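Here's the letter readout for the chains.
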Amino acid sequence: MRFVYSVRSRGVRLSLIGAAAILAIASAGCGEAIQNTGEDNRFIREPDIKSEAAATKKVKQGPLLPTKNGGSWRSKVTVRQIRSSSEPSIRYETTVARGLSPLAGGGGSGQLLETRGEAQKSSRREVFKVDTHGISLSSISGEQSLAAIPPFPIVRYPIQEGHSIRWNGILRLADKSYPGQGYSRIRSPEEISLPQGKVTAYRVDTVLIVNDGGRQVSIPMARWFAPGIGMVRQRFIVGNSDVTKDTISYKL
């Protein structure tokens, strides 16, 4: 199954094939007060540090994105049609990790996550810069590509619930470059049930904002990181589809 990710905002349309998680939102800028409308309310929301602190769970220690070469995660992908009563479709995919050192264009070490469908055909390649400072998104590629220059910081160590990060740089989409901004925020840990047992994971909400001649296109993503395991859940919207990716097994 090939996904075509379309972003629409204020008259702008950008198409990305194989980019991780794209949905359309109207955002006036990048900062503490992100104005949310429409379907994205389930993904990116206004910080509520007080209530989230009260729900804090004890989290095991370990890297949020293990960099051991050969690690793999098998996921169940549930696709629901928005505003439709039809049954969701189910498919499966496997993501395999390969270490990168040095990381081209970003310095330091990194991790390449290559996702394959049931036919074992590569559908997406995500590159993250991973070091003692945290995790940053460097690029996503498939039939087309997205690159953040410098890499967009998703998580900064030590982990602090409610902590937010702002980023300014260049976003390269396919063969064009745009000024970009980014925002990332760590939410309180949540308990996630996997077939191998329950784990506690940090939900990390991010949004990249592409500036095209004064017009803005926002690219939000939601990821759940379990220390010592990696990304155990992702949520995003593709066109008219609400997509959830849940890890059902892993090998590190």
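Cut-offs applied
Residues numbered from 1 in each chain as written. Predicted model: local features only at pLDDT ≥ 70, side-chain atom pairs only at ≥ 80, totals over all residues. Heavy atoms only, no water. Buried < 20%, exposed > 50% of the residue type's maximum accessible area, 1.4 Å probe, protein only. Helix = DSSP H or I, 4+ residues; strand = E, 2+ residues; numbered from the N terminus. Pairing = 2+ DSSP bridges. Core = buried A, V, L, I, M, F, W, Y, C linked by side-chain atoms within 4.5 Å. Salt bridge = Lys/Arg side-chain N within 4 Å of Asp/Glu carboxyl O. Axes fitted to C-alpha atoms, helices over the stretch in contact; angles between N-to-C directions. Phe/Tyr/Trp six-rings, centres within 6.5 Å; stacked < 30°, edge-to-face > 60°. Lys NZ or Arg CZ within 6 Å of the ring centre and 35° of its normal.

Visitor: An account of the pairing of strand β13 (residues 230-238) is needed here, citing residue identities and associated values.
Guide: When you tally the buried positions in β13, you get eight out of nine residues, the bulk of the element. Hairpin connection from strand β12 (residues 215-226) to β13: three residues lie between these consecutive antiparallel strands, with Gly228 at a positive phi of about 80 degrees. Note: β13 against strand β14 (residues 241-251), six bridges, orientation antiparallel. Across the sheet, residue Arg235 finds its bridge partner in β14, namely Thr244. With antiparallel pairing between neighbouring strands as the criterion, β13 and β14 make up a hairpin whose turn holds two residues, including Gly239 at a positive phi of roughly 60 degrees.

Visitor: Could you give an account of the nonpolar core, naming the residues involved and the relevant values?
Guide: Buried together is how nonpolar side chains tend to be arranged in soluble globular proteins. Core analysis: the largest hydrophobic core is formed by 39 residues, its most contacted members being Phe128, Ile154, Phe225 and Val232. Listing elements by their share of this core, those giving two or more residues are β6 (122-131), β7 (134-141), β8 (145-156), β9 (164-173), β10 (176-194), β11 (197-212), β12 and β13. Considering each element in turn, this core owes the most residues, seven residues, to β12. Counting five residues, the second-largest nonpolar core is a separate cluster that includes Val79, Phe236, Val238 and Val243.

Visitor: Which residues make up the pattern of salt bridges, and what values go with them?
Guide: Evaluation of the coordinates by the stated rule reveals twelve salt bridges. Where Lys198 meets Glu191, a salt bridge forms, and the shortest distance between an N and an O atom there is 3.7 Å. Among the salt bridges present, the one from Arg235 reaches Asp242, with a minimum N-O distance of 3.2 Å. The exposure classification of Arg235 matches that of Asp242, with both residues buried.

Visitor: Describe the sheet that holds β13, listing the residues and the values that go with them.
Guide: Read once around its circumference, the closed barrel built from twelve strands follows the order β3-β4-β5-β6-β7-β8-β9-β10-β11-β12-β13-β14, with strand pairing classed as antiparallel. Along the sheet, successive strands turn relative to each other by an average axial angle of 25 degrees, direction set aside. One ladder, built from eight bridges, connects strand β4 (residues 89-100) with strand β5 (residues 110-117); its direction is antiparallel. Each bridged residue has a counterpart across the sheet, and for Arg98 the counterpart in β5 is Leu112.

Visitor: I'd like to hear about the pairing of β4, residue by residue, with values.
Guide: One ladder, built from eight bridges, connects strand β3 (residues 72-81) with β4; its direction is antiparallel. Note that in β4 the partner of Val79 across the bridge is Ser89.

Visitor: Requested: an account of the packing of aromatic side chains, with residues and values cited.
Guide: The full count for this structure, using the stated rule, is one aromatic pair. Positioned over the ring face of Trp224 is Arg233, at 5.7 Å from the centre of the ring.

Visitor: Could you give me a rundown of the environment of Ser109, with the residues and numbers involved?
Guide: Here Ser109 is to be found in the loop between β4 and β5. Taking relative accessible area as the criterion, Ser109 reaches 31% and is therefore assigned partly exposed.

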